[in-house]
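# Tertiary structure, described
The residues making up each chain are set out below.
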Amino acid sequence: MATIEDFKKIELVVAQIKEVKEHPNADRLYVLQVDTGKEVRQIVAGIRKAYTPEQLINRKIILLANMEPAVIRGETSNGMLLAASDENGMCLLGLDREIALGSIVK
């Protein structure tokens, strides 16, 4: 079981997708540039089958910001976006109103 202390270690923030590129070495991955309100960082996300670049540009997402960097098929990912999936496909977790970039998810 996770404790409240475990949850407090996770830094979830609101970010906005600024740039989308197809990953050069993987047909289901995008390389995204996301703005956290403090910085722009690169993440790699396996959402290419579910979303077009046009559907993603300027979209606000929930970002796991304090994840250890990982190299995914040659591209560095500095975070992870949150999504859910079921038999009908993938769904990005989002917001129900406008909120500032960098806002903390609690």
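Residues numbered from 1 in each chain as written. Predicted model: local features only at pLDDT ≥ 70, side-chain atom pairs only at ≥ 80, totals over all residues. Heavy atoms only, no water.

## Structural notes on the overall build of the protein
Keep this limit in mind: Secondary structure elements are defined from DSSP: runs of H or I of at least 4 residues count as helices, runs of E of at least 2 residues count as strands, and each element is numbered from the N terminus. For the radius of gyration, the atoms used are the C-alpha atoms, and the globule rule reads 2.2 Å times the number of residues raised to 0.38. Buried, partly exposed and exposed residues are distinguished by accessible area as a fraction of the type maximum, computed with a 1.4 Å probe on protein chains only: under 20%, between the cut-offs, and over 50%, respectively. Surface accessibility in these figures is a Shrake-Rupley result with a 1.4 Å probe; residues are shielded only by whichever protein chains are displayed. Neither His nor the chain ends is counted toward charge; the positive residues are Lys and Arg and the negative residues Asp and Glu. Throughout, a charge is located at the NZ atom of Lys, the CZ atom of Arg, the CG atom of Asp or the CD atom of Glu.
Helices and strands together make up the secondary structure of the protein, namely two helices and nine strands. Across the protein, helices and strands are ordered from the amino to the carboxyl terminus as α-β-β-β-α-β-β-β-β-β-β. Whereas a compact globule of 106 residues would reach a radius of gyration of roughly 13 Å, the protein reaches 14 Å, a difference of no more than 12%. A principal-axis box enclosing the C-alpha atoms of the protein has dimensions of 40 × 35 × 30 Å. For the protein, the residues scored as buried account for 35% of the 106 residues in total. On the protein, roughly 6800 Å² of surface is accessible, and the fraction owed to carbon and sulfur atoms is 50%. On the protein, the mean spot of the 14 positive side-chain charges and the mean spot of the 15 negative ones are 2 Å from each other.

## Overview of the pairing of strand S9 (residues 89-92)
Applicable threshold: Pairs of strands are assigned from DSSP output, requiring at least two bridges between the strands.
Pairing geometry for strand S8 (residues 83-86) and S9, over four bridges, is antiparallel. Bridged to Ser85 within S9 is Met90. Linking S8 to S9, which pair antiparallel, is a turn of two residues.

## With respect to the side chain of Ser103
Our working definition: What qualifies as a polar contact is a pair of N or O atoms within 3.5 Å, subject to a donor-acceptor requirement within protein and to the restriction that residues adjacent in sequence count only when both atoms come from side chains. Pairs of residues are marked as contacts when any of their non-hydrogen atoms sit within 4.5 Å.
On the secondary structure map, Ser103 appears in the segment after S9. Here the side chain of Ser103 touches Ala100 through a polar contact of 2.7 Å, landing on its backbone oxygen. Leaving out residues up to four positions away in the same chain, Ser103 has contacts with Leu12, Val13 and Val14.

## Here we look at the nonpolar core
Definition in use: We define a nonpolar core as any set of buried Ala, Val, Leu, Ile, Met, Phe, Trp, Tyr and Cys residues linked to one another through side-chain atoms lying within 4.5 Å.
In terms of nonpolar packing, the biggest core is built from 17 residues, with Leu32, Val34, Ile47, Leu56, Ile61 and Leu81 touching the most fellow members. Among the secondary structure elements, those contributing two or more residues to this core are strand S1 (12-22), strand S2 (30-35), strand S3 (40-45) and strand S4 (60-64). Element by element, the count of residues in this core is highest for S1, at four residues. Residue contacts for Ile61: discarding those within four places in its chain leaves Val13, Val14, Ala15, Ile17, Val34, Ile43, Leu81, Leu92 and Leu93.

## Some remarks on the pattern of salt bridges
Charged atoms that come close allow side chains of opposite charge to pair. Rules: Here, a salt bridge means any Lys or Arg side-chain nitrogen found within 4 Å of an Asp or Glu carboxyl oxygen.
Under the defined criterion, the tally for this structure stands at five salt bridges. Here Glu19 ties to Lys21 by a salt bridge, and the two come within 4.0 Å at their closest N and O atoms. For Glu19, a relative accessible area of 36% corresponds to the partly exposed category. Among the residues examined, Lys21 registers a relative accessible area of 43% and is labelled partly exposed. Residue Glu39 is joined to Arg41 by a salt bridge in which the shortest nitrogen-to-oxygen separation is 2.6 Å.

## Quick look at the side chain of Ser77
Of note, Ser77 is situated in strand S6 (residues 75-77). A polar atom in the side chain of Ser77 sits 3.0 Å from the backbone oxygen of Gly79. Other than its neighbours up to four places away in sequence, Ser77 contacts Gln42, Ile43, Val44, Glu68, Pro69, Ala70 and Ile72.

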